[in-house]
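Summary of the model geometry
In case you want the letters, here they are:
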Amino acid sequence: MNATEKLAALKKISSSAADEKRPFSDIDGLLTEETADLIFKTARPAMSLRKLFSRIEPIYRFNFWKRIFQLREHIPAPERFHFWFSCMIDRGGLLVSEPRIIKGREYTVAVAPDPELLWTLPLTDEMLIDNPLVCRTYSEARKPGWEILRYIAGRRAALQKMPERMRQAIADDNAETFMIYRDMSGKNLSYSLLVEIMRKGAAKIFAELVKGGEVFEHVIPPEELCVCCASQLEDAVSIPLLEIVEGKFPGILKNVRDDWGRNPLWYAAANRRTAFFHPFCRLTPFLLKHGCDPENENQLGLSWRRMLTGLSLSQKKRLLRQRHLANCRNGHSPLGTEQPCTALLDESLEPEWLTNLKSS
């Protein structure tokens, strides 16, 4: 089958009934470099990849995204960005369609896939690590680069047992009292204890631990600590802690890279406690001020600046709502107050750092 015949077969699939979902194997040998070139050889594409995507069974969406990213040099930037965004925001679980007979009639129900099936899907492919599920499974599989990547997925931290006065010292950010009761209790510094200190915003205690170097000797390398703060903490907490680490290791923020060459801006973009694109976000301009390069590219060759400026208003709203919901407690979202959706609509609120990125 030549490229023209493959394109005709893809068109037929994309024009099929919307409820007629196909396995990825139906297009696996059809969507190639040659057919991609044919699709986009003229100003008006020969067919819609987005419509083709809608005809694929949901469980195979990861296979489709992987193929698009493999063909990225043959697909126009707007289409690549569309599929990257759909992959990045997807937070649905994996479900498999399975026929069941109920009272003599056949129904299709969704069931969780077995572990063996999970690993046959591209759930640990490095091209898809911007997807939360892939990020988590990649980290769990401990593939190259997992040590830093796990902070996006959420490195596990256990609830700590400690003397009540020591816990109160953390709440009060009293470094002297914390050290006294820690010595008295004989409690070793661990990642879980460090996380509790950071989440409470105990900057003085954190600074004491960083100053002595103990945190780096026994708990976490400084590069990992930078991405941990950038990817997991709200602005009011992450910035003071990052300033402390930068003070200990001048220039570290601009030089941190993961295995794919990504700098802390990408980890801040994955932080659900702040919206990196919001006019009132303080973490993004902080990182830019400290030398993080906005032209830094991810594993797909997409620059962070291109990603940020490529987001449409509707895409920003969607991301922001996700973050508001993720931070909602008792019906109230502090992030919703700090970074409201209405600010996205007011051009007069656009900060200088964002204007400069758009014009560069």
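This report concerns the structure included in the present document. (Residues numbered from 1 in each chain as written. Predicted model: local features only at pLDDT ≥ 70, side-chain atom pairs only at ≥ 80, totals over all residues. Heavy atoms only, no water.)

A word on the overall build of the protein
Along the protein, the regular secondary structure elements total 23 helices and two strands. Counting over 360 residues, the protein shows a buried share of 49%. By sequence separation, contacts in the protein at least 24 residues apart represent 67% of the contacts at least 6 residues apart. Roughly 18100 Å² of accessible area belongs to the protein as shown, and the carbon and sulfur atoms make up 49% of that amount. In the protein, which carries 51 positive and 46 negative side-chain charges, the distance between the mean positions of the two groups comes to 5 Å. (Helix = DSSP H or I, 4+ residues; strand = E, 2+ residues; numbered from the N terminus. Buried < 20%, exposed > 50% of the residue type's maximum accessible area, 1.4 Å probe, protein only. Contact = heavy atoms within 4.5 Å. Areas by Shrake-Rupley, 256 points an atom, 1.4 Å probe, with all protein chains shown as cover. Lys, Arg positive; Asp, Glu negative; His and termini not counted. Charge placed at Lys NZ, Arg CZ, Asp CG, Glu CD.)

A look at the nonpolar core
Judged by nonpolar contacts, the single largest core of 107 residues is most densely connected at Phe69, Trp84, Met198, Phe206, Trp304 and Met307. Filtering out sequence-adjacent residues up to four positions away, Phe206 remains in contact with Leu194, Ile197, Met198, Leu225, Leu241, Ile244 and Val245. (Core = buried A, V, L, I, M, F, W, Y, C linked by side-chain atoms within 4.5 Å.)

Side note on the state of the cysteines
Counted under the stated rule, the structure contains zero disulfides. Cys135 supplies the cysteine sulfur nearest to Cys87, a cysteine that is in no disulfide, at a spacing of 11 Å. Looking at the unpaired Cys328, the closest cysteine sulfur is the one in Cys341, lying at 13 Å. (Disulfide = S-S within 2.5 Å.)

What about the environment of Pro122?
On the secondary structure map, Pro122 appears in the loop between helix 7 (115–120) and helix 8 (132–140). Considered as a pair, Pro122 and Gly186 are 64 residues apart in the sequence and their alpha carbons are 45 Å apart. Not counting the four nearest positions on each side in its chain, Pro122 is found in contact with Phe62, Asn63, Lys66, Leu128 and Val134.

Here's the deal with the packing of aromatic side chains
This model, assessed by the stated rule, comprises ten aromatic pairs. For the pair Phe81 and Trp84, a centre-to-centre distance of 5.6 Å together with 40° between the ring planes defines the contact as tilted. Of the two residues, Phe81 and Trp84 both sit in helix 6 (residues 77–89), three residues apart, roughly one turn of that helix. Of the aromatic side chains, those joined through ring pairs into one cluster are Phe53, Phe62, Phe64, Trp65 and Phe83. Above the ring of Tyr191, the side-chain terminus of Arg155 is found at 3.9 Å from the ring centroid. (Phe/Tyr/Trp six-rings, centres within 6.5 Å; stacked < 30°, edge-to-face > 60°. Lys NZ or Arg CZ within 6 Å of the ring centre and 35° of its normal.)

Thoughts on the packing of helix 12 (residues 191–199) against helix 15 (residues 222–232)
Describing two packed helices takes the angle between their axes plus the distance from one axis to the other. Relative to each other, helix 12 and helix 15 sit at 45°, their axes nearing to 12 Å. Judged on the interaxial angle alone, helix 15 and helix 12 are oblique. Where helix 12 crosses over helix 15, the handedness of that crossing is right-handed. Side by side, helix 12 and helix 15 meet where Tyr191, Leu194, Met198 and Arg199 of the first sit next to Leu225, Cys228, Cys229 and Gln232 of the second. Split into classes, the residues belonging to the contact of helix 12 with helix 15 amount to six nonpolar, one polar and one charged. (Axes fitted to C-alpha atoms, helices over the stretch in contact; angles between N-to-C directions. Parallel < 35°, antiparallel > 145°, perpendicular 65-115°, else oblique. Left-handed = near helix turned anticlockwise from the far one by under 90°. Nonpolar A, V, L, I, M, F, W, Y, C, P; charged D, E, K, R; others polar.)

It is worth stressing that arrangement in space is one thing and function is another; only the former is reported here.
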